[in-house]
Amino acid sequence: MNSSEMENTRKRPELLAPAGDPEKLRMAVAYGADAVYLSGAAYGMRGGAGNFRDGDIAPAVAYCHARGVRVCAAVNTIPSDGEMAALPAYLELLAQAGVDAVITADLGVMNAVKRYVPGAAIHISTQAGVMNADTARAFYDLGARRVVLARELSLEQIAVLRAKTPPDLELEAFCHGAMCVSFSGRCTLSNYLTGRDANGGQCAQPCRWKYHLLEEKRPGELFEITEDSRGTYILNSRDMCMIEHIPELLDAGVFSLKIEGRTKSAYYAAAVTNAYRHAVDAARTGEPLDPVWVREVHNVSHRPYSTGFYFGPPGQYTDDACYFSESDVAALVEACDGEGNAVLTQRNRFFPGDELELLMPGRAPIAFTIGTLTDADGAPVTAANHPKMELRARLPVPAPRYSYLRKKRTEALSGHGIG
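Residues numbered from 1 in each chain as written. Predicted model: local features only at pLDDT ≥ 70, side-chain atom pairs only at ≥ 80, totals over all residues. Heavy atoms only, no water.

Undergrad: Honestly, the overall build of the protein chain in this entry has me stumped. Any pointers?
TA: Looking only at helices and strands, one finds 11 helices and 17 strands in the protein chain. With 419 residues in all, the protein chain has 52% of them scored as buried. In the protein chain, the share of contacts with a sequence separation of at least 24, taken over all contacts with a separation of at least 6, comes to 69%. Of the roughly 18700 Å² of accessible surface on the protein chain, 51% is carried by carbon and sulfur atoms. (Helix = DSSP H or I, 4+ residues; strand = E, 2+ residues; numbered from the N terminus. Buried < 20%, exposed > 50% of the residue type's maximum accessible area, 1.4 Å probe, protein only. Contact = heavy atoms within 4.5 Å. Areas by Shrake-Rupley, 256 points an atom, 1.4 Å probe, with all protein chains shown as cover.)

Undergrad: Even after reading the chapter, I still don't get helix 7 (residues 155-163), so can you show me in this structure?
TA: The α-helix winds at 3.6 residues per turn, so residues separated by three or four positions along the chain end up facing the same way. Those residues of helix 7 not exposed but buried are Leu-155, Ile-158, Leu-161 and Arg-162. Buried residues along helix 7 cover an arc of 120° about the axis, so they all sit on one side. Exposed side of helix 7, more than 90 degrees from the buried face: Glu-156 and Ala-163 are the residues found there. Contacts from the buried residues of helix 7 go to helix 6 (133-141), strand 7 (170-177) and helix 9 (246-251). (Arc of directions from axis to C-beta.)

Undergrad: In this structure, what is going on with the pairing of strand 14 (residues 366-369)? I would like to understand it.
TA: Looking along a regular strand, one sees the side chains alternate between the two faces of the sheet. Burial of the side chains of strand 14 is restricted to one face: Ile-366 and Phe-368 are buried, whereas none of Ala-367 and Thr-369 on the reverse face is. In this sheet, strand 14 lies alongside strand 13 (residues 355-359) in antiparallel orientation, the contact comprising four bridges. Of the residues in strand 14, the one forming a bridge with Glu-355 is Thr-369. Here strand 13 hands over to strand 14 after six residues, with Gly-362 in that stretch at a positive phi of 80°. (Pairing = 2+ DSSP bridges.)

Undergrad: Would you mind showing me how to read the confidence of the model for the protein chain here?
TA: Atom-level detail of predicted coordinates should not be read off regions where pLDDT is low. On average, the protein chain scores 87 in pLDDT, and the residues at 70 or more come to 82%. This stretch, residues 1-10, has a pLDDT under 50; its non-local contacts, to residues over four places away or in other chains, come to 12 contacts. (pLDDT = per-residue confidence, 0-100.)

Undergrad: What is the right way to read the sheet that holds strand 17 (residues 404-408) from this model?
TA: Across the sheet, which stays open at both edges, the seven strands sit in the order 14-13-17-11-12-16-15 with antiparallel pairing between neighbours. Sheet topology places strand 14 and strand 15 (374-375) at the edges, where each strand pairs with a single neighbour. Running at roughly 90° to strand 17, helix 10 (residues 266-285) makes contact with strand 11 (327-336), strand 13 and strand 17 of the sheet. (Axes fitted to C-alpha atoms, helices over the stretch in contact; angles between N-to-C directions.)

Undergrad: What is the right way to read helix 4 (residues 81-97) from this model?
TA: Here helix 4 contains 17 residues, and its C-alpha end-to-end distance of 25 Å stays within 8% of the 24 Å for a straight helix at 1.5 Å per residue. For helix 4, the principal kink sits at Leu-87 and spans about 40°; a proline, Pro-88, occurs within the next four residues. Within helix 4, the full set of buried residues consists of Leu-87, Tyr-90, Leu-91, Leu-93, Leu-94 and Ala-97. At its buried positions, helix 4 is contacted by helix 3 (54-65), strand 3 (70-74), strand 4 (101-104) and helix 5 (107-116). Gly-98 sits one or two positions beyond helix 4 and adopts a positive phi of about 85°. (Expected span 1.5 Å × (residues − 1). Bend = angle between axes of the 7 residues up to and from the residue.)

Undergrad: Help me understand the pattern of salt bridges in this model?
TA: Side chains that carry opposite charge are capable of pairing whenever their charged atoms lie near each other. All chains considered together, the criterion is met by 19 salt bridges. Here Glu-172 ties to Arg-146 by a salt bridge, and the two come within 2.7 Å at their closest N and O atoms. Taken as a pair, Glu-172 in strand 7 and Arg-146 in strand 6 (residues 146-148) lie far apart in primary sequence, 26 residues in all. Note on accessibility: Glu-172 and Arg-146 belong to one class, buried. Lys-264 serves as the salt-bridge partner of Glu-260, at 3.8 Å between the closest nitrogen and oxygen. Take Lys-264: its relative accessible area is 15%, and that puts it in the buried class. What emerges from the salt-bridge pattern is a single network uniting Glu-14, Arg-70, Arg-146, Glu-170, Glu-172 and Lys-258. (Salt bridge = Lys/Arg side-chain N within 4 Å of Asp/Glu carboxyl O.)

Undergrad: I'm lost on the side chain of Arg-70 in this one. Help?
TA: You can see Arg-70 is positioned in strand 3. Classification of Arg-70 as buried rests on a relative accessible area of 3%. A polar contact of 2.8 Å, which involves the side chain of Arg-70, links it to the side chain of Glu-14. (Polar contact = N/O pair within 3.5 Å; in protein donor to acceptor, adjacent residues only side chain to side chain.)

Undergrad: What is the right way to look at the environment of Arg-303 in this model?
TA: Turning to its location among the elements, Arg-303 is positioned in the loop between helix 11 (291-296) and strand 10 (305-306). Here the alpha-carbon distance between Arg-303 and Asn-236, two residues 67 residues apart in the chain, equals 9.5 Å.

Undergrad: When you look at the packing of helix 2 (residues 22-30) against helix 3 in this model, what are you seeing that I'm missing?
TA: A pair of packed helices can be characterised by two numbers: the angle between their axes and the separation between those axes. Close contact between helix 2 and helix 3 brings their axes to 11 Å; oriented N to C, the two are set at 10°. Considering the angle they form, helix 2 stands roughly parallel to helix 3. Only Ala-60, Tyr-63 and Cys-64 of helix 3 make contact with helix 2, whose side of the interface consists of Leu-25, Arg-26 and Val-29. Looking at the contact of helix 2 with helix 3 residue by residue, the class counts come to five nonpolar, no polar and one charged. (Parallel < 35°, antiparallel > 145°, perpendicular 65-115°, else oblique. Nonpolar A, V, L, I, M, F, W, Y, C, P; charged D, E, K, R; others polar.)

As structure tokens, then:
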């Protein structure tokens, strides 16, 4: 990607999608991401993601650049001295791979990035807790090209920060995904209870666990809390969903709209990126958002939605820590000819005659009834119930590789809308 192409691309808002591993990266790219963020096996805040082996990073960057997609490498843990000693070799690997930006939260790491990855832009992670214009300007003066804003900021506060910072300092903000109950991830519950370092990418998410509250000495103290036989979920945060409010984010001065979810599934990366691609494009052109894309974000696994802190505190969801989804993935399209004859790999059980939806990159889902299923040898299949089995089926339209077939749940959960 040459400098003029990069400049033209940067004139529009950026949709930044998670790439937790190579498969998720391919889905994010196929479904419309302008940029992806990924991490190697170390120094990234999502140790539970598949992540990228050292030898996979350069091919991933080349894959993205060939399709006009930028790559941000997350190096946003808070390293110890021992970890810092091994950092230069990893940064040199990122430089050789040609990453476009490095996301960091640590000043020592930031200085190392300047030295070992001089061609990459420096993005300041949300882990740094940028809450005001003075902090943003300080990072800018140190060489940062972008700050990823703390998720505790309101739209009004973002607009004020934007007005007080240099115009060429880009602002990035989360638009979708899980939220931490602590201040932008600076939580030590996991360290204390399990020995797993939250700021080293190994958070055990104890905020989602079941707890009972016991007040031994002041039983009469008023603290409203609902408990049942399962305990209570006083620390359980809602998920963020801003798909209906992209124009407000852009009006506040946000340039990069970030989807959380490196530990989520490849299907999540595909479906959510697809939905927000249409939401961002509609906001840019001033068109109303088709309700189909609002419905799409309910077809992925999520906790009850909220609009984060953008319009005020999101509130907690204390009933349980369950995830909700209105659909399950039935199969992935591996190949398809011009007549809709497709090669599929099974993901969840389904049957001939089931009502399914076909999700394709860049298009709204298409409902259809699946007909005859056969195996790789052409023998009829009465139930697709073997994980990853190869199937043949006729689709309603020709579908590109990486399309999904999904099945609505018999009893789709309701009442968990965007609060």
